[in-house]
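Residue-level structure breakdown
Spelled out from the first residue to the last, the chains are:
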Amino acid sequence: MPLSVQNRRERQKAELRSELVEAAHKLVQEEGYEGLTIRKLAKRVGYAPMSVYSYFADKQDILFALAEDAFETLARRIEEHPSDDPIEALQAVMTEYAAFGLGNPNEYRTVFMTEKTKPPEGRTYAEMEESNPAMKALISRVEACVAAGKLKGDPRAIATMLWAVGHGTISLLITFPFYPFGDPQAFVKRMCDFTLATLSTQDVPPLTDTPVNC
């Protein structure tokens, strides 16, 4: 097969996959987890259901694709808020993460609050984490805080703890909207500030005995 033909086919395949991911985002935003089906996705882009299966093995595979796309969007939003102060730069990560989740509750619930029992075929969780730009941005800003003496310990462990607090806070705000948390963004900031203040008094050890490179 001529290289030009092969490149064109690969480009078309990548474009269709992007179209499917975009359509899946809209389905989730409009209808939530239950609205995301292979049949509905195929109908939205005007293709036969079997065509979708050539890109995604199942619904969970689509969720992973949505998560990867969401992390890329989040990373771009984070990079729009640099700061010479490492703590302020780190707080910007949490602020953007919260804004994304609170601004897209259906998508956040579907993508980040749905159990992932296995990685996509042919990939490992380690490989997925390595290609996660949002997590890399978070760890990078934690590393800057450690280098500046603002935090102490293992950057990946600190980043994971901040992510856990952020995710838990956003999940509560989404699933218990009638609880008197006060202003959602203010509550997220309060939790972030409290966590950072607590972490600043500790030397945080790695999460596991085996070193992890991100």
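About the criteria used
- Residues numbered from 1 in each chain as written.
- Predicted model: local features only at pLDDT ≥ 70, side-chain atom pairs only at ≥ 80, totals over all residues.
- Heavy atoms only, no water.
- Salt bridge = Lys/Arg side-chain N within 4 Å of Asp/Glu carboxyl O.
- Helix = DSSP H or I, 4+ residues; strand = E, 2+ residues; numbered from the N terminus.
- Buried < 20%, exposed > 50% of the residue type's maximum accessible area, 1.4 Å probe, protein only.
- Axes fitted to C-alpha atoms, helices over the stretch in contact; angles between N-to-C directions.
- Parallel < 35°, antiparallel > 145°, perpendicular 65-115°, else oblique.
- Left-handed = near helix turned anticlockwise from the far one by under 90°.
- Contact = heavy atoms within 4.5 Å.
- 1 Å grid on protein atoms, 1.4 Å probe; cavity = no way out; pocket = protein on both sides within 12 Å on 5 of 7 lines; lining within 4 Å.
- Points joined across faces, edges and corners; volume = space filled by probe spheres on them.
- UniProt positions renumbered as here; feature names shortened; annotations may be inferred.

Let us now look at the pattern of salt bridges. Side chains that differ in charge, positive against negative, can pair when their charged atoms come close. If you walk through the whole model with that rule in mind, you get 4 salt bridges. Among the salt bridges present, the one from R44 reaches E30, with a minimum N-O distance of 2.8 Å. In this pair, R44 is assigned in helix α2 (residues 38–45) and E30 in helix α1 (residues 3–31), connecting sequence segments 14 residues apart. For E31, the salt bridge is made with K40, and the minimal N-O distance between the two is 2.6 Å. Using a relative accessible area of 37% as the deciding quantity, one classes E31 as partly exposed.

Turning our eyes to something else, we now look at the packing of helix α4 (residues 59–79) against helix α6 (residues 105–112). Remark: α4 packs on α6, axes separated minimally by 9 Å, with the N-to-C direction vectors making an angle of 120°. In this view, α4 runs oblique relative to α6, as classed from their interaxial angle. Relative to α6, α4 is oriented so that their crossing is left-handed. Where α4 approaches α6, its residues L63, L66, A67, A70 and F71 are matched on the opposing element by T110, V111 and F112.

Bringing empty space enclosed by the protein into the picture now. It is the rolling of a water-molecule-sized probe over the atoms that shows where space remains empty. With the rule as written, the count across this model stands at 2 cavities of 30 Å³ or more. Estimates place the volume of the largest cavity at around 120 Å³. Looking at the largest cavity, the residues that line it are F71, L74, I78, V93, M94, Y97, A134, M135, L138 and W163. At the level of secondary structure, the elements contributing two or more residues to the lining of the largest cavity comprise α4, α5 (86–103) and α8 (133–147). Of the voids in this model, the second largest cavity is the one considered here, and its volume is about 40 Å³. Every residue along the wall of the second largest cavity is listed here: M94, V165, G166, T169, V188, M191 and C192. Contributions of two or more residues to the lining of the second largest cavity are made by α9 (155–175) and α10 (184–199).

Moving on to the UniProt feature "DNA-binding region" (unreviewed entry) in the protein chain. Mapped onto this numbering, the UniProt entry annotates "DNA-binding region" (unreviewed entry) at residues 37–56. Helix makes up 65% of residues 37–56 and strand 0%. Its end C-alpha atoms lie 11 Å apart.

A separate point is the environment of V111. Locating V111 in the fold gives a position in helix α6. The spacing of V111 and A67 is 44 residues in sequence and 5.8 Å in space, taken between C-alpha atoms.

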